[in-house]
Amino acid sequence: MNQDIKNICCIGAGYVGGPTMSVIASNCPNIQVNVVDINPERVAAWNDRDIANLPIYEPGLGQIIKKCRGYNLHFSTNIEENISKADLIFISVNTPTKTSGIGAGQAIDLKWVEESSRTIAKYAKGFTIVVEKSTLPVKTAQKIKEILQATSANKGVSFEKKFSVLSNPEFLAEGNAIKNLEEPDRILIGGDDEESIKALAGIYSKWVDVKKILTTDLWSSELSKLIANAFLAQRISSINSMSALCEITGAHIKDVAVAVGADKRIGKYFLNAGPGFGGSCFKKDISNLIYICNHYGLYEVSEYWQKVLDINNWQQRRLIEIILKKLFGTISEKKIAILGFSFKADTNDTRESPAIFICKKLIEEGANLYIYDPKVNNNQIDYDLKRVLEKSFHEKDLWQCCELIEEATNNADAAVILTEWDEFKKLNWNDINKMMRQPAWIFDTRSTIEIKKLANKNINIWQTGFGN
Ligand code: UDX
Ligand code: UDX
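Note that the coordinates shown come from a computational prediction; the quantities given were computed from them, not determined experimentally.

(A) The arrangement of the environment of threonine 249 in detail. For threonine 249, the location among the structural elements is in helix 10 (residues 218-249). Residues threonine 249 and asparagine 430, 181 residues apart in the sequence, show an inter-C-alpha distance of 28 Å. Among the polar contacts made by the side chain of threonine 249, one reaches the main-chain carbonyl oxygen of leucine 245 at a distance of 2.7 Å.

(B) Main features of empty space enclosed by the protein. If you walk through the whole model with that rule in mind, you get 1 cavity of 30 Å³ or more. Each pocket or cavity is described by its volume, and for the largest cavity that value is around 40 Å³. What lines the largest cavity is Glu132, Ser134, Thr135, Leu136, Ser167, Pro169, Glu222 and Lys225. Considering only residue class, the lining of the largest cavity consists of 2 nonpolar, 3 polar and 3 charged.

(C) Highlighting the site of ligand 1. Neighbouring ligand 1 are 21 residues, the closest being Asp37, Arg42, Val93, Thr95 and Lys284. A distance of 2.7 Å is found between an oxygen atom of ligand 1 and a side-chain nitrogen or oxygen belonging to arginine 42. Interatomic distance of 3.1 Å between a side-chain N/O atom of serine 134 and an oxygen atom of ligand 1. Residues belonging to the shell around ligand 1 are distributed by class as follows: 7 nonpolar, 9 polar and 5 charged.

(D) Summary view of the sheet that holds strand 13 (residues 441-444). Spatial ordering of the open sheet is given by 11-10-9-12-13-14, a layout of 6 strands whose pairing is parallel. Strands with a single pairing partner mark the edges of an open sheet, and in this sheet they are strand 11 (399-401) and strand 14 (461-463). Along the sheet, successive strands turn relative to each other by an average axial angle of 20 degrees, direction set aside. In terms of strand pairing, strand 10 (residues 368-372) meets strand 11 through 3 bridges, oriented parallel.

About the cut-offs
- Residues numbered from 1 in each chain as written.
- Chains lettered and ligands numbered in written order.
- Predicted model: local features only at pLDDT ≥ 70, side-chain atom pairs only at ≥ 80, totals over all residues.
- Heavy atoms only, no water.
- Helix = DSSP H or I, 4+ residues; strand = E, 2+ residues; numbered from the N terminus.
- Polar contact = N/O pair within 3.5 Å; in protein donor to acceptor, adjacent residues only side chain to side chain.
- 1 Å grid on protein atoms, 1.4 Å probe; cavity = no way out; pocket = protein on both sides within 12 Å on 5 of 7 lines; lining within 4 Å.
- Points joined across faces, edges and corners; volume = space filled by probe spheres on them.
- Nonpolar A, V, L, I, M, F, W, Y, C, P; charged D, E, K, R; others polar.
- Near = heavy atom within 4 Å.
- Pairing = 2+ DSSP bridges.
- Axes fitted to C-alpha atoms, helices over the stretch in contact; angles between N-to-C directions.

Coordinates in, geometry out; function isn't part of it.
Printed below as a string of structure tokens:
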């Protein structure tokens, strides 16, 4: 069916839906883009006149919102009406790991995707293209089709006349989302209806070179997203596992990464050792991949990928042990500055952040944490820590959030850098060290400090993967 897309609806105004729709609206002034969400507070934040109050922090997003909001980009809770007006609907709702029942801890909870499909089935009018934007297990499109099909049959119309389902996974990395959307490595569209694929490709082609728009079948597209994330996470576990070997043998992981990455077949990106990967995707998607492999009896494959997750957890446990060891085996009542709480720089997102697990363990050892992050708000930090700590630790004043870095580091026994924020790279550690309780330690898990440039060579600095 020939489709001229004039009106888009996106269900889910989150980290993916918000930026993706903003960039589409910015590049396609003739298309009306409505982003809808069941959460009225989130929608209100997207509509806040003050750009600083947008619900997510993403470099470059504010300018686009200023340019398009109210013209061809709208945020609302009016889901039914915007679905009924849409030629094309993106499903961009969250797809968390199941916490109970069959597959708990591994399988994806498709509750929100199913709910969205039912709402679409009920309110969509005319022919509508339904696009999976959320990361989903392979074959989810089949479930969406079945739901849409059942409703179409009830209404006495054929499915093909009413809906087409496409997969169009996002590959954006937080903190770089706008750049990734404006200049993507590739756009992937999976489907079985050529015209619908053409219609969606037509939207992206307004700003993306057509050579970068890859088309395939539904299952290859769904699976490609899971596999891409698994490969990326695998690189991090690979380099982190080697960071431990470098520390023991006196090698330097940064130099090793440059030497290894110089081989074009390996490539230089994504080889930074650190406190392990966080974020909403890697753990969830690999867990899901493991679940799918087990389901199909591919036990060796699932064990292989399980190791990527195991190394990630091990790296975090290893860091705790190093901190304890350097601080004479005890951190009870010691002041420790935590610099960075988000799972990576340039985002306020804390989902699966290594900081959560590391802070939890330090608090359980009795440390007093002074936490500073330039973008994560204090309520989020409190919420994340209370979620993982036993109740008995909640009331003891064992952590506090700081507005200034000095507040965290003055008189501290140690500073632990957990996120590679630019402002940490510019810190004067000679001065900070003087204000710390000696012998103080700086645990630079992201290797942000250029040790060679420090005037005082006697500062105790530990960096991931740096052997002496
Ligand atoms: C996305 C993807 O969709 C997910 O599959 C991927 O693995 C990670 O990125 P993200 O945008 O980060 O999710 O999630 P989130 O920021 O939680 O946003 C989802 C939004 O959907 C929320 O604002 C939530 O309120 C909304 N939602 C959820 C609905 O509007 N309707 C629902 O039925 C469920
Ligand atoms: C990831 C994928 O990159 C993206 O394509 C997908 O769509 C969603 O998941 P995101 O989680 O936003 O994006 O960030 P990413 O830059 O991939 O970083 C994930 C985690 O790995 C972070 O905790 C980061 O600090 C860590 N990381 C990344 C490293 O420890 N070392 C590296 O070299 C790269």
